[in-house]
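Residue-level listing of the chains:
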Amino acid sequence: MDKKGFTLVEMLAVIVILALVMVIAVPGIGKIMAKFRLDYYKNLESEMELNAKSYLSSNRDERPRKGSYSLVCLSTLEKGKYFDKDVKDYKNHKCDNDVINEEQKSYVVVYRSKDDERQEKYIYEACLKCDSDRYFTRENRKKFCGLTNEELGFDKSPNEICKEKIREKNNS
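Residues numbered from 1 in each chain as written. Predicted model: local features only at pLDDT ≥ 70, side-chain atom pairs only at ≥ 80, totals over all residues. Heavy atoms only, no water.

**So, the state of the cysteines**
Consideration 1: On inspection of all chains with the given rule, the structure shows two disulfides.
Consideration 2: Here C73 pairs with C162 through a disulfide, and the sulfurs are 2.0 Å apart. Taking the sign of the S-S torsion, -95° for the link of C73 and C162, the bridge is left-handed. Of this pair, C73 sits in strand β1 (residues 69-73) while C162 sits in helix α4 (residues 158-171), and the two are 89 residues apart along the sequence.
Consideration 3: You can call C162 buried: its relative accessible area is 1%.
Consideration 4: The partner cysteine of C95 in its disulfide is C130, sulfur to sulfur 1.9 Å. Because the sign of the S-S torsion sets the handedness, a value of about 90° for the bond joining C95 and C130 places this disulfide among the right-handed ones. (Disulfide = S-S within 2.5 Å. Helix = DSSP H or I, 4+ residues; strand = E, 2+ residues; numbered from the N terminus. Buried < 20%, exposed > 50% of the residue type's maximum accessible area, 1.4 Å probe, protein only.)

Here is the structure:
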């Protein structure tokens, strides 16, 4: 009797081996994907900071005074063509995109130190929020993103300040 095919025991053995491979491989792949996602957002934040530097070199009147803070909104950088394309999250959805409510949740905080009289020192820190991917800059990683309006010396939230800047640009 010449049988072709696999026995039930052989099939079960293959299934068990594949299950073990999956148990070992899936968590490793998940960690790699999470690290790639975090690196993507860190690079995006660095790009925002570099673009804010370029923006403030062209718009000197918006630089902060010594010992104070200033904001550069993501929408300002996008409209000024400081990015080649729209800022998108890891899943390819536009970040900071709530046109209806004019919500602007992403910005760069710029601080001008008052320590050195001879050399101006500016510190740039991107605060990025991408709702569709549930990403936002962690306050414990960044110094300025976790500060309150009062600590930053603003009478309004960064969101309200960015809304006003958008309205001013649209009206002019």
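On we go.
**Digging into the pairing of strand β2 (residues 107-112)**
Consideration 1: With six of its six residues buried, β2 lies for the most part within the structure.
Consideration 2: Going residue by residue along β2, you find Y107, V109 and Y111 tucked away on one face and V108, V110 and R112 tucked away on the opposite face as well.
Consideration 3: With five bridges joining them, β1 and β2 adopt antiparallel strand pairing. Counted as the bridge partner of V72 is V108 from β2.
Consideration 4: Relative to strand β3 (residues 122-127), β2 runs antiparallel, the two being bridged by six bridges. Note on β3: the bridge partner recorded for V110 is Y124. (Pairing = 2+ DSSP bridges.)

**Observations concerning the sheet that holds β3**
Consideration 1: Here three strands make up an open sheet; going across it, the order is β1-β2-β3 and the pairing antiparallel. Looking at which strands have only one partner, the edges of the open sheet turn out to be β1 and β3. On average, adjacent strands in this sheet sit at an angle of 20° to one another, irrespective of strand direction.
Consideration 2: The strands that helix α1 (residues 8-58) touches are β1, β2 and β3; relative to β3, the one it contacts most, it runs at about 130°. (Axes fitted to C-alpha atoms, helices over the stretch in contact; angles between N-to-C directions. Contact = heavy atoms within 4.5 Å.)

**Notes on the environment of G153**
Consideration 1: Along the polypeptide, G153 turns up in the loop between α3 (149-152) and α4.
Consideration 2: Note: C-alpha distance between G153 and Y69 (84 residues apart in sequence) is 7.1 Å.

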